[in-house]
Amino acid sequence: MMEESDLELFAQSLRQAIDRHKGENLDAALAEIGWFDALATDAQTAIAALFPILGTANASSTALEGVLAVRLNASSGPGRVVLPALDGWEPPGVRDGDLLTVRGLLMGPVDDGEVLVIVANGADGGAAAAAVSSSLLNFRTVGGMDPAARLMEVTGELPCPELSSVEQDTWEQAIALGRLAIGYQIVGAARAMLELARDHALNRVQFGQPIARFQALRHRLAETLVAIEGAEAVLEAGVANTTPFLAANAKAIAGRAGRTACRHCQQVLAGIGYTSEHEFHRYMKRTIVLDSILGSTARLTHDIGAQLLSVGHLPESLPL
Amino acid sequence: MDLDTYRTGLDQWLDEHVAELTPPYAGVGTMQERVDHLSKVRRLCFETGWARWGWPEEVGGLGGSTILRAYLGEALASRGLVDPNFYSTPEVLAPAVIRAADPRLAAEFVPLLLSGEEYWCQGFSEPGSGSDLASLSCRATRGEDGWRVTGQKVWTSFAQFAQRCVLLVRTGTQESAHRGITVLFVDMDTPGITIRPLATIDGSEEFAEVFFDDVPVPFERTVGKPDGGWAVAMDILPDERSTSLWHRGAILNRQMDELLAKAPAESLSPTAVGETAQLLLGFRARSRATQYRLASGERIGAETSIDKVLLASAEQAVLDLVLEGLSQQLVLGDDAISAQWRADFFFSRAASIYGGSAEIQRNVIARRLLDLGPDR
Ligand SMILES: Cc1cc2nc3c(=O)[nH]c(=O)nc-3n(C[C@H](O)[C@H](O)[C@H](O)COP(=O)(O)OP(=O)(O)OC[C@H]3O[C@@H](n4cnc5c(N)ncnc54)[C@H](O)[C@@H]3O)c2cc1C
């Protein structure tokens, strides 16, 4: 664990890196600062330090893949791991006899011949990981909702390479950490939206007064802060004790908070919030994209509800 | 005393004495039965020391972190041994009295409260002053040898069972608003006090109207400075949204757990269950962090309005789900357990009213936490 003061310094250098660099350069800068090393020693602390800032800066990075890589023991650097396809959390690969079929996402472009880790489920149910050269796969640069997110869609059908088995537990842990990371990123984006809306409310004058005086708007912004703080509290609990249950809930709660921020902040911003000229739209789009990676709020919530109903019991969580 | 030692010891003690500590009545019971049972639980917890941990030694406590108090209430509520609505009043009233009152007053009365010998009530709201508390008009004038109080309070929980009242009175002019308010610590058996219980929406006489007709109160019973009552009252509000809310979280967990066990198959939508569980988790995570901030000696303030909004939303969601899943009992049931669920359902509606309404909490968040400036 890092000391409080070291952590503050670390966060400061992360913030500087994010201000100065974009895309691959940002990933290289993060590596240089030692973020990937921090991730390997104390994943939770590294996640909580970086991802909120990524969200607030609306930055794109492959750091999320690094988070999975660390749990899969796949890399000690900025390892590239193919993420599950949109909205899901099943491994992106499927093994069938000698064939490996891949359908998943990446958080940034890949170099020719770069090695990607692909986790695949077999017909026997067990998961395994393979290291595959990018030259064997097909990539599509995603435009979609948010081109600046730099997502890549990965597909492929290839002769099954050499595999090393992955415990079910390990995959679940990797997903859990990834969910905390995305949750933090969404919360960072939500805070940025709230700040934009707050600023606007204080400066925009209608009926001879700042619109911040109107209670209907004050309550929307208050509601947004409540959602953000609730989500952050659960994320912090997930950092302290990363169980799959807590992490899945934390991501869903953060996703919902993100959508709450989108709704209320856009309403406060009104016309200007409906443009591509104001910053707001970037955060709104990124929030929606992030929400749909590793399980959307809607899917996770339904899944958790179904689990609770089938066990007929609320698992003990968050003891003092 | 560290939390883990306390937890292990308390859990064991509760397991051993569960028969004695379990309410002798099924479901809600009458108000008198509830009071009698709570007094007994408090006495047992005080005699064994469990209820003394976390309170200062000057008021009969054994010292130690406030976390111990949070855990005691949680342990009792989650086993169904106490009703936190009833149980948590000391958490709301005692800390402010300890901070602001003459130390001798606190030393005399707080132990009686903690040991279940006495009950206190909170005389803040009035017919003309609910959310706008600073407009209150129950008046205290200076007499020869003490205050004379005349006026009315309303919605005073458990007034008819209370020996003392932490009472907010007007001592300045009506226009002085929050600058002319004083807190008095009043004996409820003083001549001139009349209590008229009010039936709540579930039929129980949980709160009352309290009338004061030229009631004498000694000057020594002033808590804080004359005309300095607003600061004391504002100091109580964060206490209303910290330890006692953690206790409510414990009962909500229990209710949610019971609902999951008892709701007929197919009666609940997975999405609604998931979302409700998440609201509860969000509240508990936030409140848990507040418990640790409080324990570290931090003064808590306006940020607890967030805890309160989260609680009210979670509580109402849980009980909405109960109404959905256990509608047979809530709508048609005439047994004690059904009555308990109904009472819980109705009480959840109050979560956005008492201790500062949902709207007032949002006003506080907008003004104090988001710094949005004045609203008019
Ligand atoms: C179960 C229960 C127990 C209680 N126990 C106690 C007790 O022990 N002691 C005690 O003193 N009081 C107690 N109360 C009273 C409680 O504190 C008040 O009900 C509360 O402060 C609201 O006051 P009111 O009911 O007069 O509503 P009002 O203040 O009249 O409010 C009516 C509506 O107007 C809204 N409103 C008011 N002002 C504003 C504003 N500025 N902006 C936006 N909306 C606004 C409110 O949110 C509410 O929706 C209890 C209440 C309940 C329900």
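Residues numbered from 1 in each chain as written. Chains lettered and ligands numbered in written order. Predicted model: local features only at pLDDT ≥ 70, side-chain atom pairs only at ≥ 80, totals over all residues. Heavy atoms only, no water.

*Asks:* In this structure, what is going on with unusual backbone geometry? I would like to understand it.
*Replies:* For residues that are not glycine, phi is negative in most cases, and the peptide bond is trans in most cases. Residues and elements named next belong to chain A. The phi dihedral of F207 is positive, around 50 degrees, even though this residue is not glycine. Summarising the element assignment, F207 is placed in the loop between β9 (205-206) and β10 (209-210). Residue F207 is classed as exposed on the basis of its relative accessible area, which comes to 75%. Even without being a glycine, L294 presents a positive backbone phi close to 60 degrees. When you line up the elements, L294 lands in the loop between α9 (280-291) and α10 (297-311). (Helix = DSSP H or I, 4+ residues; strand = E, 2+ residues; numbered from the N terminus. Buried < 20%, exposed > 50% of the residue type's maximum accessible area, 1.4 Å probe, protein only.)

*Asks:* Please explain the confidence of the model for chain B as it appears in this structure.
*Replies:* Detailed reading of predicted coordinates is not advised where the pLDDT is low. Summing up the model confidence of chain B, the mean pLDDT is 96 and the portion of residues at 70 or higher is 100%. Interface confidence in the predicted complex, given as ipTM, is 0.96; pTM for the same model is 0.97. (pLDDT = per-residue confidence, 0-100.)

*Asks:* What am I meant to see in the domain arrangement of chain A here?
*Replies:* The parts lose accessible area when they come together, and the size of an interface is often stated as this lost area. Residue and element names in this part refer to chain A. The assigned domain composition of chain A is domain 1 (4-65), domain 2 (75-166) and domain 3 (169-311). The distance between the C-alpha centroids of domain 2 and domain 3 comes to 28 Å. Between domain 2 and domain 3, the residue contacts involve 18 residues of the former and 16 residues of the latter. Between domain 2 and domain 3, a total of about 1500 Å² is buried, with carbon and sulfur atoms accounting for 70% of that surface. Where domain 2 touches domain 3, the interface holds one salt bridge. With a shortest N-O distance of 2.5 Å, R286 and D146 are connected by a salt bridge. (Domains from an automatic or database assignment. Contact = heavy atoms within 4.5 Å. Buried area = accessible area lost by both parts, 1.4 Å probe. Salt bridge = Lys/Arg side-chain N within 4 Å of Asp/Glu carboxyl O.)

*Asks:* Explain the site of the ligand to me, please; I cannot follow it from the model alone.
*Replies:* Taken together, 18 residues lie around the ligand, and Q122(B), S131(B), W155(B), S357(B) and E359(B) are the ones closest in. Proximal residues around the ligand fall on chains A and B, making this an inter-chain site. Within the backbone of S125(B), one N or O atom sits 2.7 Å away from an oxygen atom of the ligand. Within the backbone of W155(B), an N or O atom sits 3.0 Å from a nitrogen atom of the ligand. Protein chains shield 66% of the accessible area of the ligand, which is 970 Å² for the free molecule. Counting residues domain by domain, the shell around the ligand receives three or more from each of domain 2 (121-228) and domain 3 (241-369) of chain B. (Near = heavy atom within 4 Å. Polar contact = N/O pair within 3.5 Å; in protein donor to acceptor, adjacent residues only side chain to side chain. Areas by Shrake-Rupley, 256 points an atom, 1.4 Å probe, with all protein chains shown as cover.)

*Asks:* Would you take a moment to explain the interface of chain A and chain B for this structure?
*Replies:* Every contact between the two is made by 36 residues of chain A and, on the other side, 47 residues of chain B. The largest contributions to the chain A side of the interface with chain B come from R218(A), L314(A) and L320(A), which together make up 24% of the buried area. The tally of links from chain A across to chain B stands at three salt bridges. The salt bridge partner of E223(A) is R362(B), with a shortest N-O separation of 2.5 Å. Here chain A is connected to chain B by 17 residue pairs in polar contact (both at pLDDT 80 or more). Elements represented by at least two residues in the side of chain A that touches chain B include exactly α6 (168-203), α7 (215-240), α8 (244-269) and α10 of chain A. Considering every element that reaches the side of chain A that touches chain B, the biggest residue donor is α7(A), with 12 residues. Its residues assigned to classes, the side of chain A that touches chain B shows 20 nonpolar, 10 polar and six charged. (Nonpolar A, V, L, I, M, F, W, Y, C, P; charged D, E, K, R; others polar.)

*Asks:* How should I be thinking about the pairing of strand β5 (residues 181-187) of chain B in this particular structure?
*Replies:* The two faces of the sheet receive side chains in turn, since in a regular strand these alternate between them. Residue and element names in this part refer to chain B. For β5, the tally of buried residues reaches seven of seven residues, placing the bulk of the element in the interior. Here β5 shows a buried face lined by I181, V183, F185 and D187 and a second buried face lined by T182, L184 and V186. Pairing of β5 with strand β8 (residues 222-223), which is carried by two bridges, proceeds in the antiparallel orientation. Looking at β8, one finds that L184 is bridged to T222. (Pairing = 2+ DSSP bridges.)

*Asks:* Would you mind showing me how to read helix α7 (residues 103-114) of chain B here?
*Replies:* Each turn of an α-helix holds 3.6 residues, which means side chains three or four residues apart point in the same direction. Between its first and last C-alpha atoms α7(B) spans 16 Å; for 12 residues at 1.5 Å apiece the expected length is 16 Å, and the two agree. Immediately beyond the C-terminal end of α7(B), within one or two residues, lies G116(B), with a positive phi of roughly 85 degrees. (Expected span 1.5 Å × (residues − 1).)

*Asks:* Could you clarify how one ought to interpret empty space enclosed by the protein in this entry?
*Replies:* Unoccupied space between atoms shows up once a probe the size of one water molecule is rolled over them. All names here are of chain B. Throughout the structure, instances matching the rule amount to four cavities of 30 Å³ or more. Its volume calculated, the largest cavity comes out at about 160 Å³. Lining the largest cavity are 18 residues; nearest its centre among them are R42, A51, W55, L72 and Y87. Secondary structure elements with two or more residues in the lining of the largest cavity: α3 (31-47), α4 (67-78), α6 (89-100) and α7. The dominant element in the lining of the largest cavity, judged by the number of residues it contributes, is α4, at four residues. The residue inventory of the lining of the largest cavity, partitioned by class, reads 14 nonpolar, one polar and three charged. (1 Å grid on protein atoms, 1.4 Å probe; cavity = no way out; pocket = protein on both sides within 12 Å on 5 of 7 lines; lining within 4 Å. Points joined across faces, edges and corners; volume = space filled by probe spheres on them.)

*Asks:* Could you clarify how one ought to interpret the side chain of R286(A) in this entry?
*Replies:* Residue and element names in this part refer to chain A. By secondary structure assignment, the location of R286 is in helix α9. Assessed through its relative accessible area of 4%, R286 is described here as buried. There is a polar contact of 3.1 Å between the side chain of R286 and the backbone oxygen of A59. Polar contacts involving the side chain of R286 include one to the side chain of D146, which spans 2.5 Å.

*Asks:* Just to check I follow, could you spell out the nonpolar core for this structure?
*Replies:* Generally speaking, nonpolar side chains in soluble globular proteins are found buried as a group. One finds W35(A), L39(A), L50(A), F51(A) and I293(A) to be the most contacted residues of the largest nonpolar core, which totals 127 residues. If you tally residues by element for this core, the top one is α6(A), at 18 residues. The residues contacting W35(A), other than those within four sequence positions of it, are F10(A), L14(A), L30(A), A46(A), L50(A), F51(A), A63(A) and V67(A). Within the second largest apolar cluster, 49 residues are counted, among which are L68(B), L81(B), W147(B) and L167(B). (Core = buried A, V, L, I, M, F, W, Y, C linked by side-chain atoms within 4.5 Å.)

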